[in-house]
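Results of the structural survey
So the chains spell out like this:
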Amino acid sequence: MMDEEKAIRQLYSEWAGTEPENVTFLPASGSYRKYYRLKGGQNSVIGAYNEDWKENEAFFSFSQLFYRYHLPVPQVHAIDTSRQFYLLSDLGDQTLFNYLSGIRKDDHDFPEDFISIYKKVIGFLPVFQVAAGKDLDYSQCYPRKVFDIQSMMWDLNYFKYYFLKLVKVPFDEQKLEDDFQELATFLNSAGADHFMYRDFQSRNIMLVQGEPWFIDYQGGRKGPLQYDIASLLYDAKAAIPEPVRELLLVYYLDSLEACIPVNRTSFYQFYYGFVLIRILQALGTYGFRGYYENKPHFLRSIPFAIANLQYLLEKNTIPLPVPMLRDILKKIISNPVFHSYKTTGSQLTVKISSFSYKTGIPDDKSGNGGGFVFDCRSLPNPGKYDKYLSLTGNDPQVIAFLEKEPEVGEFMNHSSSLVDQSIRKYIERGFTSLAVSFGCTGGRHRSVYCADELAKHVRSKFNVMIDLQHTGLENKT
């Protein structure tokens, strides 16, 4: 067992008064922090390890304040003496991004209920920025107290060194530096008077019973109001259609005006400049994670970020001349290599099958072989009862029968955790196919139910293709 997991277990035991019954590692693809889900009795919490204790102190301080303001953030239950290990409320696994990805047919599909969810999210933003922001202890901010010129230059140089230089986009270094300085100086004049969440985007918003909860605000600091709403609305792979962005921006300004007076002309004067700097910072992240750390799934966000840049140029919304930067953006937009990342390697497909052991495990025609095979024959069998014989695991009566059995839920929790771990690694390594099969005696009840449940679970958590097949039912038709 890793030392980190031992420390997390010990902290849980001190807090709960008993050993955890189950500990599951939850790899985080966009963070160096380590997370575990610990369960015991009625308790389910998230254990976190982060060796950067200064960042932790910012998170603890902000969380305590936001909790007092009744903002939906995780409660910090326990902290160890090193300030590197802590326990948080378990908010589940469904992010706003995964929810959107699991339902949308394509990038242009944005149903009305998505807009309702985004309005809920946006309604909380002025509370973070203004109401709670006025009482926040900014001395706890890390690594910097204010989003100022130096902060902006860090972001712009991150884009230069981890995107432009890694992909070998040619540019004049001095002219680009001059443009960066001009852009940062202009945006700095917008003021930095309120709390800036810093990473206010769909992957940092959890959905719990349809309601938004907020995480990963430890990088917050004093900053301009425009930055966070720009981060949310131009979140690359969320791909919010432009008319919806405009509608939601107006909704934000209306919500903001309930807290403070707003000069909308002045707000718009700087807004698209912050959209630009946020997109450039994101491209730096995609380059660092994708090219430097060799995590290919980050590269798939690049085409979406480039589409946003193209919109800014076409609509002439960039507020300054910045000729070298504009020339670079045009080169990026016109480079077909970047657009190919949207389909390169294709998306991971998870093939989920139910089957009867009488006919055998389904073949994996992807050529990869392997995958998971879960034996459902140890579970309570509805097929033993006459009233269920003509039904299947798709029918409400059978579903009700299985859901009332605790061991069925335990079986699904364990199998789902194993599959989750593989999906995360498969996405990270650019794999395209994973097979998961559930077998029972007749292939009609338990295996069908379990396959359906896993498909729903995976769809809610990951942006993957799902191929669901019930071979036992097909063989009966």
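Source: prediction; values computed, not measured.

**Examining the sheet that holds strand β4 (residues 76-79)**
One open sheet accounts for five strands, arranged β1-β2-β3-β5-β4; its pairing is antiparallel. Edge strands, defined here as strands with exactly one partner in the open sheet, are β1 (22-26) and β4. Neighbour-to-neighbour, the strand axes of the sheet open up by a mean angle of 25°, direction not taken into account. Sheet topology places strand β2 (residues 34-40) next to strand β3 (residues 43-49); seven bridges connect them, and they run antiparallel. Residue pairing for β3: Leu 38 is matched across the bridge by Val 45.

**A few points about the side chain of Asn 381**
By secondary structure assignment, the location of Asn 381 is in the loop between β11 (372-375) and α13 (396-403). Within the structure, Asn 381 has its side chain in polar contact with the backbone nitrogen of Gly 383 (distance 2.8 Å). With residues up to four places along the chain from it excluded, the contact list for Asn 381 reads Phe 401 and Arg 446.

**Looking at the sheet that holds strand β12 (residues 433-440)**
The strand order across the open sheet formed by four strands is β11-β12-β10-β13, and the pairing between neighbours is parallel. Edge positions in the sheet fall to β11 and β13 (465-470), since each of these pairs with one other strand and no more. Taken over all neighbouring pairs, the strand axes of this sheet differ in orientation by 15° on average, direction set aside. Where β11 lies against β12, four bridges are found, and the strand directions are parallel. Within β12, the residue paired with Phe 374 across the bridge is Phe 438. In the packing of helix α14 (residues 406-429) onto the sheet, contacts are made with β10 (349-356), β11 and β12, and the angle to β12 comes to roughly 165°.

**Observations regarding the nonpolar core**
As a rule of thumb, soluble globular proteins bury nonpolar side chains together. Core analysis: the biggest nonpolar cluster contains 106 residues, and Phe 66, Ile 229, Leu 233, Tyr 252, Tyr 271 and Leu 325 have the highest contact counts within it. Here this core gets 13 residues from one element, more than from any other, and that element is helix α9 (residues 264-292). Those residues in contact with Ile 229, other than ones at most four positions away along the chain, are Ile 122, Leu 125, Leu 249, Tyr 252, Phe 267 and Tyr 271. Residues Val 350, Val 398, Val 458 and Val 464 belong to the second largest nonpolar core, which totals 30 residues.

**Structural notes on the pairing of β3**
For β3, a buried count of five out of seven residues is recorded, marking the element as mostly surrounded by other parts of the structure. Between the end of β2 and the start of β3, which pair antiparallel, lie two residues, with Gly 41 showing a positive phi angle near 60°.

**Things to note about the packing of aromatic side chains**
This model, assessed by the stated rule, comprises 43 aromatic pairs. Between the aromatic rings of Phe 59 and Tyr 86, the centroid separation amounts to 5.8 Å while the plane-to-plane angle is 35°, which identifies the pairing as tilted. Of this pair, Phe 59 sits in helix α2 (residues 53-68) while Tyr 86 sits in strand β5 (residues 85-89); the two residues are 27 residues apart in sequence, bridging distant segments of the chain. In terms of burial, Phe 59 and Tyr 86 fall into one category: buried.

**Remarks on α9**
For α9, built from 29 residues, the straight-helix expectation of 42 Å at 1.5 Å per residue is met to within 8% by its first-to-last C-alpha distance of 40 Å. The principal kink in α9, of about 30°, is found at Phe 270. Within α9, 21 of the 29 residues are buried, leaving the element largely enclosed by the surrounding structure. For α9, the capping residue at the N-terminal end is Asn 263, with a side-chain oxygen 3.1 Å from the backbone nitrogen of Thr 265.

**Quick word on helix α5 (residues 149-164)**
Between the first and last C-alpha of α5 there are 21 Å, a value that for 16 residues agrees with the 22 Å anticipated at 1.5 Å per step. Buried within α5 we find Ser 151, Met 152, Met 153, Asp 155, Leu 156, Phe 159, Lys 160, Phe 163 and Leu 164.

**Description of the pattern of salt bridges**
Within this structure, the stated rule accounts for 22 salt bridges. Of the charged contacts, one joins Lys 456 and Glu 453 as a salt bridge, the two residues approaching to 2.8 Å between their closest N and O atoms. Here Lys 456 pairs with Glu 453, and both are found in helix α15 (residues 446-461), just three residues apart, close to one helical turn. Via salt bridges that share partners, Lys 160, Lys 165, Glu 173 and Glu 177 belong to a single interconnected network.

**Remarks on the environment of Pro 72**
Looking at where Pro 72 falls in the secondary structure, it is placed in the loop between α2 and β4. Given a relative accessible area of 9%, Pro 72 falls into the buried group. In this view, Pro 72 contacts Phe 124, Pro 212, Trp 213 and Phe 214; residues no more than four positions away in its chain are not counted.

**A look at the environment of Asn 308**
Assignment of secondary structure puts Asn 308 in helix α10 (residues 302-314). Taking the C-alpha atoms as reference points, Asn 308 and Ile 333, separated by 25 residues in sequence, lie 9.8 Å from one another. Apart from residues lying up to four places away in sequence, Asn 308 is in contact with Tyr 234, Ala 236, Arg 245 and Ile 279.

Definitions and cut-offs
Here the residue index of a chain counts from 1 through its sequence in written order. A pLDDT threshold of at least 70 governs which residues receive local features in this predicted model, and a stricter bar of 80 or more applies before side-chain atom pairs are shown or counted, although totals over entire chains, interfaces and linings include all residues. By convention in this description, side-chain values take in all heavy atoms of the structure and omit both hydrogens and water. Being paired, for any two strands, means DSSP has found at least two bridges between them. Secondary structure elements follow DSSP: runs of H or I no shorter than four residues count as helices, runs of E no shorter than two count as strands, and numbering proceeds from the N terminus. Here the axes come from fitting lines to C-alpha atoms, over the contacting stretch only for helices, and the angles between their N-to-C directions go from 0 to 180 degrees. Polar contact criterion, stated in full: a pair of N or O atoms within 3.5 Å, where within protein one must be able to donate a hydrogen and the other to accept it, and residues adjacent in sequence count only if both atoms are side-chain atoms. Contact between two residues is taken to exist if any of their heavy atoms lie within 4.5 Å; hydrogens are not considered. Throughout, nonpolar core names a set of buried Ala, Val, Leu, Ile, Met, Phe, Trp, Tyr and Cys residues whose side chains join them through atoms within 4.5 Å. Think of it in three bands: residues with accessible area under 20% of the maximum for their type are buried, residues over 50% are exposed, and the middle band is partly exposed, with areas taken using a 1.4 Å probe on protein chains only. Each Phe, Tyr or Trp ring (for Trp, its six-membered ring) is paired with any other whose centre lies within 6.5 Å, and the angle between the two planes then decides the class: stacked below 30 degrees, edge-to-face above 60, tilted in between. Every helix has an expected span of 1.5 Å times one less than the residues it contains. The angle between axes fitted to the seven residues ending at a residue and the seven residues starting there is what we call the bend at that residue. When a carboxyl oxygen of Asp or Glu lies within 4 Å of a side-chain nitrogen of Lys or Arg, that pair is called a salt bridge.

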